[in-house]
Amino acid sequence: MKKSLYLIANWKTYFSYTKALELFLDFQKQFSSLTTRHKLVICPPTSALASISSLYKRSERIYLGAQTCSPYGLGAHTGDIDAQSLQELNYAYCIIGHSERRASYGETNELVAQQTYQLLKHDIIPIVCVGETAQERSTGITKQIITDQLKAIFAKIHHRTIRELLIAYEPRWSIGSDQTPENDEIQEVFMHIHHIAQHYTIHQSLKVMYGGSVDASTINNLKNIPLLDGFLIGRASTHHTQLFQIIKNLDS
Ligand code: PGA
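Residues numbered from 1 in each chain as written. Predicted model: local features only at pLDDT ≥ 70, side-chain atom pairs only at ≥ 80, totals over all residues. Heavy atoms only, no water.

K.L.:
Please give an account of the overall build of the chain that cites residues and values.
P.N.:
When helices and strands are tallied, the chain shows 10 helices and 8 strands. Whereas a compact globule of 252 residues would reach a radius of gyration of roughly 18 Å, the chain reaches 17 Å, a difference of no more than 12%. If one aligns the C-alpha atoms of the chain with their principal axes, the spans along those axes are about 50 × 45 × 30 Å. Within the span of the chain, comprising 252 residues, buried residues form 55% of the whole. Contacts spanning at least 24 positions in sequence make up 74% of the contacts within the chain whose residues lie at least 6 apart. Of the roughly 11,300 Å² of accessible surface on the chain, 49% is carried by carbon and sulfur atoms. Side-chain charges of the chain comprise 24 positive and 23 negative groups, with the mean position of each set lying 6 Å from the other. (Helix = DSSP H or I, 4+ residues; strand = E, 2+ residues; numbered from the N terminus. Rg over C-alpha atoms; globule rule 2.2 N^0.38 Å. Buried < 20%, exposed > 50% of the residue type's maximum accessible area, 1.4 Å probe, protein only. Contact = heavy atoms within 4.5 Å. Areas by Shrake-Rupley, 256 points an atom, 1.4 Å probe, with all protein chains shown as cover. Lys, Arg positive; Asp, Glu negative; His and termini not counted. Charge placed at Lys NZ, Arg CZ, Asp CG, Glu CD.)

Have a look at this one:
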């Protein structure tokens, strides 16, 4: 595989603050000695965002990402983490619309659109998660669900200058389940995403990624999807040996 891909490591809340710092230092050390053309974006638990920023050494290979952000700017928003602060802390990327947040906190397409807007305003590249549930898949409405998720966002941002926008197709039933769709199903969704983006004339800044049970074994097949620009990885991104094996398998 010749293409340079994104590997987004989503550490969720798998670790508390102290462990997250330890792990980050370890990853940073190990990854800087590795020769690869792929780009690693580490998204630490929210509790560790500020401290990890102070440990971070700028590099062309490792970038920092957050896991969510406020849909608002500065103001009376108790408990939020605003995009301006993320920018000040050198977070170049931010995951939004993850299905765990949609399911646990009722985050809507409109809220995700608002978050996307805030991130672009502060020059942070959004990593927007979209995807259907098992039930939606079985009733054949996957594309409709993804259309609805994306339209709300694209309609809000298409008049802005967009350097880059990452869309991660993550079927909900695939996350943490060791099940993945067939490559041609993923490719079809990627084509659909590009098609919608074209309508809003933002397809040139768009990159499409896959997420859901990506690990050193599933990657061997998934890496062959033609339109693929990267992966969003949960569990398998939390051990550097597993992540290194993923990179090795990508390049073999
Ligand atoms: P998983 O998680 O790789 O553990 O399935 C992916 C995600 O939730 O982003």
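K.L.:
Please give an account of the site of the ligand that cites residues and values.
P.N.:
For the ligand, the full set of nearby residues is Asn10, Lys12, His98, Glu170, Ile175, Gly176, Gly212, Ser213, Leu232, Ile233, Gly234 and Arg235. In this structure, an oxygen atom belonging to the ligand sits 2.8 Å away from a side-chain N or O atom of glutamate 170. Contact distances for the ligand include 2.8 Å between an oxygen atom and a backbone N or O atom of serine 213. Here the residues of the shell around the ligand sort into 3 nonpolar, 6 polar and 3 charged. (Near = heavy atom within 4 Å. Polar contact = N/O pair within 3.5 Å; in protein donor to acceptor, adjacent residues only side chain to side chain. Nonpolar A, V, L, I, M, F, W, Y, C, P; charged D, E, K, R; others polar.)

K.L.:
Break down the pairing of strand β7 (residues 206-211) for me, citing the residues and quoting the values.
P.N.:
Across the 6 residues of β7, 5 count as buried, placing the element largely inside the fold. As defined by bridge partners, strand β6 (residues 165-169) adjoins β7 across 5 bridges and the pair is classed as parallel. Bridge assignment links alanine 168 to a residue of β7, and that residue is methionine 209. Considered for its hand, the β-α-β crossover made up of β6, helix α8 (residues 183-199) and β7 is right-handed. Note: β7 against strand β8 (residues 230-233), 3 bridges, orientation parallel. (Pairing = 2+ DSSP bridges. Right-handed = clockwise from strand over helix to strand, strands pointing away.)

K.L.:
Help me get a handle on the environment of serine 53, residues and values and all.
P.N.:
Examined against the element boundaries, serine 53 turns out to sit in helix α2 (residues 49-55). Taking C-alpha positions, serine 53 is 5.7 Å from leucine 89, a pair spaced 36 residues apart along the chain. Among residues more than four places away in sequence, those in contact with serine 53 are Leu64, Leu89 and Tyr91.

K.L.:
Describe the pattern of salt bridges, naming the residues involved and giving the relevant values.
P.N.:
On inspection of all chains with the given rule, the structure shows 9 salt bridges. Across the salt bridge formed by glutamate 100 and lysine 12, the nearest N and O atoms sit 2.8 Å from each other. On the criterion of sequence distance, the pair formed by glutamate 100 in helix α4 (residues 99-105) and lysine 12 in the loop between β1 (6-10) and α1 (17-32) is long-range, its members being 88 residues apart. The exposure class of glutamate 100 is partly exposed, given its relative accessible area of 35%. Close ionic contact of lysine 207 with glutamate 164 constitutes a salt bridge, the shortest N to O distance being 3.4 Å. Taken together, the residues span a long stretch of sequence, with lysine 207 in strand β7 and glutamate 164 in the loop between α7 (142-157) and β6 at a distance of 43 residues. Overall, glutamate 164 belongs to the buried group, its relative accessible area being 14%. (Salt bridge = Lys/Arg side-chain N within 4 Å of Asp/Glu carboxyl O.)

K.L.:
Quick one: what's the story with the pairing of β8, residue by residue and with numbers?
P.N.:
Here β8 shows no split at all, with Gly230 and Leu232 on one side and Phe231 and Ile233 on the other all buried. Two strands pair when backbone bridges link them, and β1 and β8 are joined in this way by 4 bridges, in the parallel orientation. Of the residues in β8, the one forming a bridge with alanine 9 is isoleucine 233.

K.L.:
Requested: an account of α8, with residues and values cited.
P.N.:
Taking 1.5 Å per residue as the helical rise, α8 with its 17 residues ought to reach 24 Å, and the 25 Å between its terminal C-alpha atoms agrees with that figure. Listing the buried residues of α8 in full gives Asn183, Ile186, Gln187, Val189, Phe190, His192, Ile193, His194, Ile196 and Ala197. Among the structural elements, β5 (125-130), α7, β6, β7 and α9 (219-222) are those in contact with the buried residues of α8. Directly after α8, the chain includes threonine 201, whose backbone phi takes a positive value near 50°. (Expected span 1.5 Å × (residues − 1).)

K.L.:
Describe α7, naming the residues involved and giving the relevant values.
P.N.:
Spanning 16 residues, α7 covers 23 Å between terminal C-alpha atoms, matching the ideal 22 Å at 1.5 Å per step. Along α7, the sharpest kink reaches roughly 25°, centred on leucine 150. Buried within α7 are the following residues: Thr142, Ile145, Ile146, Thr147, Gln149, Leu150, Ala152, Ile153, Phe154 and Ile157. (Bend = angle between axes of the 7 residues up to and from the residue.)

None of the figures reported here should be taken as evidence of function without further support.
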